[in-house]
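# Working through the structure, step by step
In case you want the letters, here they are:
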Amino acid sequence: MSDVLGQQIGSTPLWDAEEVLTLDRVRRYARASGDTNAIHIDPAAARAAGLAAPVAHGFLLIALVLKYAQRWAHHNGNRITACDTRFVRPVYVGDRPAVLHLTGQQISAGHINATVWILDDDGITHRAVIRPIRISFEPDPVR
């Protein structure tokens, strides 16, 4: 896992990181979140539902992004106030781990766009798995 903290609006990423999702990690998230739907944790159930493999929870993906956003916000005296997105593609976690690429870029005062994408099996083509997460932040009044 690696990440880079930056400052300038629109030029340098606030963070650029990789997260590895394994079936074990998704199963641990399922237990912690209480969402134990079989399509997330059981390969046979996922196949029976027409999926290629178990699917990572969407809120797990958002939580991973918000981990980096919160780290950046805290480091810069801010707090996260809102976020929203849409899921566009499932993240399969079968025999091979899924490697997520997460970036965040400040697009205006108080707003960050964060992206999450994976490489296709060809190792070249990257595919977004969510629409950019729009994250709002403001100065933290406690600091």
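Residues numbered from 1 in each chain as written. Predicted model: local features only at pLDDT ≥ 70, side-chain atom pairs only at ≥ 80, totals over all residues. Heavy atoms only, no water.

### Examining helix α4 (residues 58-75)
Relative to the 26 Å expected for 18 residues at 1.5 Å per residue, α4 spans 26 Å between its end C-alpha atoms, a close match to the ideal helical length. Buried within α4 are the following residues: L60, L61, I62, L64, V65, Y68, A69, W72 and A73. Residues of α4 that are buried in the fold lie against β1 (15-21), α1 (23-33), β2 (78-84), β3 (98-108), β4 (111-119) and β6 (133-139). (Helix = DSSP H or I, 4+ residues; strand = E, 2+ residues; numbered from the N terminus. Expected span 1.5 Å × (residues − 1). Buried < 20%, exposed > 50% of the residue type's maximum accessible area, 1.4 Å probe, protein only. Contact = heavy atoms within 4.5 Å.)

### Overview of the nonpolar core
Formed by 30 residues in total, the largest nonpolar core has its most connected members in W15, L21, V65, V91, L100 and I135. Only β1, α1, α4, β3, β4 and β6 provide two or more residues apiece to this core. When residues of this core are assigned to their parent elements, the largest contribution, nine residues, is made by α4. Residues in contact with V91, not counting those within four places in the same chain, are L21, P54, V55, A56, L61, A98, L100 and V129. (Core = buried A, V, L, I, M, F, W, Y, C linked by side-chain atoms within 4.5 Å.)

### Side note on the pattern of salt bridges
Tallying each qualifying case throughout the model produces five salt bridges. Close ionic contact of R134 with D84 constitutes a salt bridge, the shortest N to O distance being 2.1 Å. Remark: D84 occurs in strand β2 and R134 occurs in strand β6; sequence separation between them is 50 residues. When its relative accessible area of 38% is taken as the criterion, D84 is described as partly exposed. Within this structure, E19, R25 and K67 form a network of salt bridges that share partners. (Salt bridge = Lys/Arg side-chain N within 4 Å of Asp/Glu carboxyl O.)

### Comments concerning the confidence of the model for the protein
Summing up the model confidence of the protein, the mean pLDDT is 91 and the portion of residues at 70 or higher is 93%. Counting contacts from residues 1-7, a segment whose pLDDT is below 50, to residues more than four positions away or on other chains yields 27 contacts. (pLDDT = per-residue confidence, 0-100.)

### Here we look at the packing of aromatic side chains
Under the definition given, this model contains one aromatic pair. Ring centres 4.9 Å apart and planes at 75 degrees place the aromatic pair W72 and F137 in the edge-to-face group. Placement of the pair is W72 in helix α4 and F137 in strand β6, with a sequence separation of 65 residues. (Phe/Tyr/Trp six-rings, centres within 6.5 Å; stacked < 30°, edge-to-face > 60°.)

### Description of the environment of P90
Among the secondary structure elements, P90 is positioned in the loop between β2 and β3. On the basis of relative accessible area, P90 is assigned to the partly exposed category, the value being 34%. Measuring from C-alpha to C-alpha, the distance between P90 and A56 comes to 7.2 Å, with 34 residues separating the pair along the chain.

### Considerations on α1
If you check which residues of α1 are buried, you get L23, V26 and A30. Taken around the axis of α1, the buried residues stretch over an arc of 60 degrees, which confines them to a single face. Pointing more than 90 degrees away from the buried face of α1 are the exposed residues R31 and A32. Of the surrounding secondary structure, the elements contacted by the buried residues of α1 are β1, α2 (38-41), α3 (43-48) and α4. Once α1 ends, the next one or two residues include G34, with phi positive near 85 degrees. (Arc of directions from axis to C-beta.)

### Remarks on the side chain of H101
Looking at the element boundaries, H101 is found in strand β3. Since its relative accessible area comes to 11%, H101 is described here as buried. A distance of 3.4 Å separates the side chain of H101 from the side chain of E18, its partner in a polar contact. The residues touching H101, leaving out its near neighbours within four places in the chain, are A17, E18, T115, V116, W117, I118 and L119. (Polar contact = N/O pair within 3.5 Å; in protein donor to acceptor, adjacent residues only side chain to side chain.)

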